[in-house]
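Coordinate inspection notes
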Amino acid sequence: MAGEVIQYQTEDGVTVIRLQARDGNVWLSQAEIADLFQVTPQAVTQHIRAIYEDDELDQEATCNDYLQVRTEGKREVSRQIAHYNLPMILAIGFRVRSLRGMQFRRWAAESLSEYLVKGFVMDDARLKDPEADYFEELLARIRDIRSSEKLFYKKVLDIYATAADYDPKADTSQQFFQTVQNKMHHAAHGQTAAETKLARANAGKPMMGLTSWPGEKRGSLPTKAVAQVAKNYLAADEMDTLNRITVAFLEFAEAMAKNRKPMMMADWIAKLDDFLKLGGHPLLSGAGKVTAKRATDKVNTEYDRWHTRALNASSIVEQHFAESIGKVKQLEAAKPKAARKGEGDQA
């Protein structure tokens, strides 16, 4: 089997649901689901039927037959048994009337509440398990979040606000942030943020050269503001390097700031250079070859060209419809004239 769901109650009375899955999937038979929630198989059958009748889930997406060896009398036989995946297991958990079902719903409500309030839910014990393979993924996602432009800017300002000559209203503070950002971009992939946007924003490319943007998985188009973020043009390996540099330096800078040693903004830039040299990364000398304004203007121009074309382009459905019409016309054209005339006479 692809995995199993384990539900148990810890000594302090907190109910825990844990998914032990292989290959990212879990499938349980009707009998296994009944055992999980401590109800009869007949009750599970009724809930499954009701879930499909209500169109809550699609049967083809949630049900699969697996060969299973069963003991019938004194002999073992192999039969195809229907198994249901995690969405169906969870849907049944919200419907069953049993102590286990109540425990499951309590756990689900607490997890959802934590997610809505904090934005995340963590299974600490599972992440500490050396056999678990999710920890690296979690760290990668945290690195990506911490290096997002808004969070990075806020964190840098929090740290560098300790500088004796820091003035939040001065233009030098914004320039200071751009200097830090450009040094990190250059260390990760050899271009400043402005150079990246100038070189990679291209209306002729799919999504104008962007490699990631908010709403991508939902099918949303990138906005002009998103197109102005240099990080959104990076390849996966470049993004990973930038994220690692950013997070490591933020940790280093936070530790330095806690020392309460008087620092000037120029001192922080020197510390950043020392940090990058220690990691063997190339150092940026000066402000780079491209000004921020030139890069911003280029992105705006490319985005307007790309966005106009994207709005006028046919949707996927329209493209498929046009292809179908074209195939029908080809079939009609391929028919002998006599056949086409006969069909016309019958009409």
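Look up: the structure comes first, before these words.
Residues numbered from 1 in each chain as written. Predicted model: local features only at pLDDT ≥ 70, side-chain atom pairs only at ≥ 80, totals over all residues. Heavy atoms only, no water.

1. Thoughts on the overall build of the protein
- When you go through the protein residue by residue, the secondary structure sums to 16 helices and 5 strands.
- Every one of the 347 residues in the protein was classed for burial, and the buried ones make up 34%.
- Summarising the internal contacts of the protein: among those between residues at least 6 apart in sequence, 60% fall at separations of at least 24.
- Here the protein displays about 22200 Å² of accessible surface, and carbon together with sulfur accounts for 53% of that area. (Helix = DSSP H or I, 4+ residues; strand = E, 2+ residues; numbered from the N terminus. Buried < 20%, exposed > 50% of the residue type's maximum accessible area, 1.4 Å probe, protein only. Contact = heavy atoms within 4.5 Å. Areas by Shrake-Rupley, 256 points an atom, 1.4 Å probe, with all protein chains shown as cover.)

2. Concerning the layout of surface pockets
- Volume-wise, the second largest pocket comes out at about 410 Å³.
- Along its surface, the second largest pocket is lined by 22 residues, and Q178, Q181, N182, A193 and A292 are the ones closest to its centre.
- For the lining of the second largest pocket, the elements supplying multiple residues, two or more each, are α9 (171-189), α10 (193-200) and α14 (292-312).
- Split by residue class, the lining of the second largest pocket holds 10 nonpolar, 10 polar and 2 charged. (1 Å grid on protein atoms, 1.4 Å probe; cavity = no way out; pocket = protein on both sides within 12 Å on 5 of 7 lines; lining within 4 Å. Points joined across faces, edges and corners; volume = space filled by probe spheres on them. Nonpolar A, V, L, I, M, F, W, Y, C, P; charged D, E, K, R; others polar.)

3. Observations regarding the environment of V229
- Among the secondary structure elements, V229 is positioned in the loop between α11 (224-227) and α12 (236-258).
- Overall, the relative accessible area of 19% leaves V229 in the buried class.
- Separated by 32 residues in sequence, V229 and K197 have C-alpha atoms that sit 7.9 Å apart.

4. Points about helix α2 (residues 41-53)
- Taking 1.5 Å per residue, 13 residues should reach 18 Å; α2 reaches 18 Å between its end C-alpha atoms and fits that length.
- Buried within α2 are the following residues: A43, V44, H47, I48, I51 and Y52. Considered in projection along α2, the buried side chains sweep an arc of 165 degrees and stay on one side of the axis. Turned more than 90 degrees away from the buried face of α2, the exposed residues are Q42, Q46 and E53.
- Contacts from the buried residues of α2 go to α1 (30-37), α3 (59-62), β4 (63-72), β5 (75-85) and α4 (86-93).
- Once α2 finishes, D55 follows within two positions and takes phi at roughly 60 degrees, a positive value. (Expected span 1.5 Å × (residues − 1). Arc of directions from axis to C-beta.)

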